[in-house]
Amino acid sequence: MNWRVLGLGTAVLWMVTVGVIVALFVQGHTRPGADGRTEILLAPAERDLILTEMRQLLKSVHGVVTVLGSPDQNLKAAEAAARSAGMAMAADVNPAVMLKLPLPFKQMGMSIHKDMDHLADGIAQGESSVQILNRLSSMTARCTACHDMYRFATAK
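Residues numbered from 1 in each chain as written. Predicted model: local features only at pLDDT ≥ 70, side-chain atom pairs only at ≥ 80, totals over all residues. Heavy atoms only, no water.

### Some details on the nonpolar core
Thought 1: Within the largest apolar cluster, 18 residues are counted, with the highest numbers of intra-cluster contacts made by Val-64, Ala-82, Met-116, Leu-119, Ile-123, Ile-132 and Leu-136.
Thought 2: Apart from residues no more than four positions distant in its own chain, Ile-123 is found in contact with Val-64, Leu-75, Ala-78, Glu-79, Ala-82 and Ile-132. (Core = buried A, V, L, I, M, F, W, Y, C linked by side-chain atoms within 4.5 Å. Buried < 20%, exposed > 50% of the residue type's maximum accessible area, 1.4 Å probe, protein only. Contact = heavy atoms within 4.5 Å.)

Listed below in structure tokens is the structure:
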């Protein structure tokens with residue numbers, strides 16, 4: 001067998017494989033939804049995992065807002081609530097699930113986790129309630145934009 005042909009075939013196969021992985025990383029496992037949003041197709045357990053993470057993010061925002069609305073304003077509790085939804089929360093996400101998520105969804109999600117860490121830092125540095133609420137407003141605007149763009153569906 002001609003080694004050049006084998007080498008060329010291997011290189012082509014490698015490039016096709018990389019191309020497919022890149023396409024999956026960018027597009028994810030999606031389809032157009034009936035309501036105009038993009039459906040992200042996940043197995044039921046994967047869907048539950050992502051929704052659990054979203055609920056934790058919402059609980060963290062609630063924790064910060066609750067502290068800001070209380071008379072004693074225990075800022076350590078607000079900092080802990082924000083930090084609990086930071087990048088450490090996203091550190092152990094299953095790579096197979098990440099491949100199924102479209103790139104803009106991943107970008108928004110990671111930006112929220114980073115911003116939760118920045119919010120916790122701002123609280124620790126003594127930012128005012130107005131500054132903290134402005135940060136939260138910016139973050140929840142991205143949450144609502146994401147929910148307007150995407151929905152989860154079960155892959156069949």
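### So, the sheet that holds strand E2 (residues 38-42)
In a beta sheet, neighbouring strands pair by backbone hydrogen bonds and run either parallel or antiparallel.
Thought 1: If you trace the 3 strands from one edge of the open sheet to the other, you get E1-E2-E3, paired in mixed fashion. In the strand order of this sheet, the two ends are held by strand E1 (30-32) and strand E3 (150-154), each with one partner. Across this sheet, the average inter-strand angle for adjacent strands is 35 degrees, counted without regard to direction.
Thought 2: As paired elements, E1 and E2 share 3 bridges and run antiparallel to each other. Across the sheet, residue Pro-32 finds its bridge partner in E2, namely Thr-38.
Thought 3: Against the sheet, helix H2 (residues 44-69) contacts E2 and E3, and its axis sits at roughly 150 degrees relative to E3. (Pairing = 2+ DSSP bridges. Helix = DSSP H or I, 4+ residues; strand = E, 2+ residues; numbered from the N terminus. Axes fitted to C-alpha atoms, helices over the stretch in contact; angles between N-to-C directions.)

### What about the packing of helix H6 (residues 103-124) against helix H7 (residues 129-149)?
Thought 1: Two elements in contact, H6 and H7, have axes separated by 10 Å at closest approach and are oriented at 165 degrees. Judged by the angle between their axes, H6 and H7 are roughly antiparallel. Considering the relative orientation of H6 and H7, their crossing is left-handed. On H7, the residues touching Phe-105, Met-108, Ser-111, Ile-112, Asp-115, Met-116, His-118, Leu-119 and Ile-123 of H6 are Ile-132, Arg-135, Leu-136, Met-139, Arg-142, Cys-143, Cys-146 and Met-149.
Thought 2: When grouped by side-chain class, the residues that make up the contact of H6 with H7 number 12 nonpolar, 2 polar and 3 charged. (Parallel < 35°, antiparallel > 145°, perpendicular 65-115°, else oblique. Left-handed = near helix turned anticlockwise from the far one by under 90°. Nonpolar A, V, L, I, M, F, W, Y, C, P; charged D, E, K, R; others polar.)

### What about H6?
Thought 1: Taking 1.5 Å per residue as the helical rise, H6 with its 22 residues ought to reach 32 Å, and the 32 Å between its terminal C-alpha atoms agrees with that figure.
Thought 2: Three or more residues of H6 are buried, namely Phe-105, Lys-106, Met-108, Ile-112, His-113, Met-116, Asp-117, Leu-119, Ala-120, Gly-122 and Ile-123.
Thought 3: Gly-126 lies just past H6 and shows a positive phi near 85 degrees. (Expected span 1.5 Å × (residues − 1).)

### Observations concerning helix H3 (residues 75-83)
Counting along an α-helix, one turn takes 3.6 residues, and residues three or four places apart therefore face a common direction.
Thought 1: Within the sequence span of H3, burial applies to Ala-78, Glu-79, Ala-81 and Ala-82. One face of H3 carries all of its buried residues, which in axial projection span an arc of 160 degrees.
Thought 2: Buried positions along H3 lie against H2 and H6. (Arc of directions from axis to C-beta.)

These figures come from the coordinates and say nothing about function on their own.
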